[in-house]
Amino acid sequence: MEEDHFRCVECSHESPELYRDYRNGILKITICDSCKKPVDKYIEYDLVIILIDAILCKTQAFRHILFNTSLNIHWKLCVFCLLCEAYLRWSVLHGSEQNPDPADLIRYTKEWEFYQMFGLAALELSAFCTGLLLFLWAAVGGLEVRALLRALLLSGYGKVLLIPAVIWEHDYSPLCLGFIKLFVLTSNSQAIRVVLNSSRRLSLLAVCVGVLSEACVSHAARRLPWSVQDVWTLA
């Protein structure tokens, strides 16, 4: 393994390696110089166990994923989750409507509204991340923006739970979606704590500021004096 700055999953102390290869199939896990525990116990664990610990928001699992792996699917995961969220909003907007004529103009208007919902979801996510990062920059100072943004996007994996709502179309409950949102925000808070090695209070405040920024942008966007139908009519 190439030398890099890894982190101990127990105390977050930096380490040059996770294990040492003595060849002939002999591997030895590196012991942390600070806490005298294995730097990363998860390198011996099955992926399912790592995922379960991540779902339980364990700090050790988050440190393993964010610091000791080269997982770079955060942008793909983000786009996928935004598509699911856009579909849900679009289906809520027009789920009760029926369109017997497939050649009706409104059918195509609905398709444009799906793109509008995707853009709105992306705008709200951008507002959430921007407000959160600005608050942390003011509270902490210098930030590793790229690492923190990667952590925020990866910790939004809970939105994958929207997949059943997409598959089952309208057979979902607003209460269930509320729990998914709460779980995602909890994961975001834990990711901030891990990356910054900060207190729980700071991470919760940052998430609250992000949610407030998201709500303000969402409210402003919904009050814009135009709609997709107007744009289509003008075109």
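The notes below deal with the structure included here.

Basis of the calculations
Residues numbered from 1 in each chain as written. Predicted model: local features only at pLDDT ≥ 70, side-chain atom pairs only at ≥ 80, totals over all residues. Heavy atoms only, no water. Helix = DSSP H or I, 4+ residues; strand = E, 2+ residues; numbered from the N terminus. Buried < 20%, exposed > 50% of the residue type's maximum accessible area, 1.4 Å probe, protein only. Contact = heavy atoms within 4.5 Å. Areas by Shrake-Rupley, 256 points an atom, 1.4 Å probe, with all protein chains shown as cover. Disulfide = S-S within 2.5 Å. Patch = residues over 30% accessible without salt bridge, like charges linked within 9 Å, V, L, I, M, F, W, Y side chains within 5 Å. Salt bridge = Lys/Arg side-chain N within 4 Å of Asp/Glu carboxyl O. Phe/Tyr/Trp six-rings, centres within 6.5 Å; stacked < 30°, edge-to-face > 60°. Lys NZ or Arg CZ within 6 Å of the ring centre and 35° of its normal.

**Considering the overall build of the protein**
Okay, step 1: A count of helical and extended segments in the protein gives nine helices and four strands.
Okay, step 2: Start at the N end of the protein and walk to the C end: the helices and strands fall as β-β-β-β-α-α-α-α-α-α-α-α-α.
Okay, step 3: Residues classed as buried in the protein amount to 37% of the 235 residues present.
Okay, step 4: Restricting to contacts in the protein with at least 6 residues of sequence separation, those with at least 24 account for 65%.
Okay, step 5: Working note: accessible area of the protein is about 14,600 Å², and carbon and sulfur atoms make up 62% of it.

**Examining the state of the cysteines**
Okay, step 1: Scanning all chains against the criterion turns up zero disulfides.
Okay, step 2: Looking at Cys81, it has no disulfide partner, and the nearest cysteine sulfur is the one in Cys84, 6.3 Å off.
Okay, step 3: Take Cys81: its relative accessible area is 4%, and that puts it in the buried class.

**Section: a nonpolar patch on the surface**
Okay, step 1: Taken together, the side chains of Val48, Ile52 and Leu56 present a nonpolar region at the surface, about 290 Å² in accessible area.
Okay, step 2: When its relative accessible area of 45% is taken as the criterion, Ile52 is described as partly exposed.

**Description of the pattern of salt bridges**
Okay, step 1: Going through the model one piece at a time under the given rule, you end up with seven salt bridges.
Okay, step 2: Among the salt bridges present, the one from Lys159 reaches Glu85, with a minimum N-O distance of 3.8 Å. Here Glu85 lies in helix H3 (residues 74–94) and Lys159 lies in the loop between helix H5 (145–154) and helix H6 (162–167), a separation of 74 residues in the sequence. Accessibility assignment for this pair places Lys159 and Glu85 in one class, buried.
Okay, step 3: Where Glu214 meets Lys181, a salt bridge forms, and the shortest distance between an N and an O atom there is 3.3 Å. In this pair, Glu214 is assigned in helix H8 (residues 200–222) and Lys181 in helix H7 (residues 174–196), connecting sequence segments 33 residues apart.
Okay, step 4: Salt bridges sharing common partners tie together Glu85, Arg89, Glu124 and Lys159.

**Description of the packing of aromatic side chains**
Okay, step 1: Taken as a whole and judged by the stated rule, the model has three aromatic pairs.
Okay, step 2: Summarising the aromatic geometry, the rings of Tyr42 and Tyr45 are spaced 5.2 Å apart at their centres and angled 75° between planes, so their arrangement reads as edge-to-face.
Okay, step 3: Judged by its relative accessible area of 2%, Tyr42 is buried.
Okay, step 4: A relative accessible area of 36% means that Tyr45 is categorised as partly exposed.
Okay, step 5: Taking the centre distance of 5.7 Å and the plane angle of 90° together, the rings of Tyr157 and Phe183 count as edge-to-face. Remark: Phe183 occurs in helix H7 and Tyr157 occurs in the loop between H5 and H6; sequence separation between them is 26 residues.
Okay, step 6: Taking the ring centre of Phe67 as reference, the NZ or CZ of Arg7 above it sits at 4.4 Å.

Nothing here speaks to function; it is geometry throughout.
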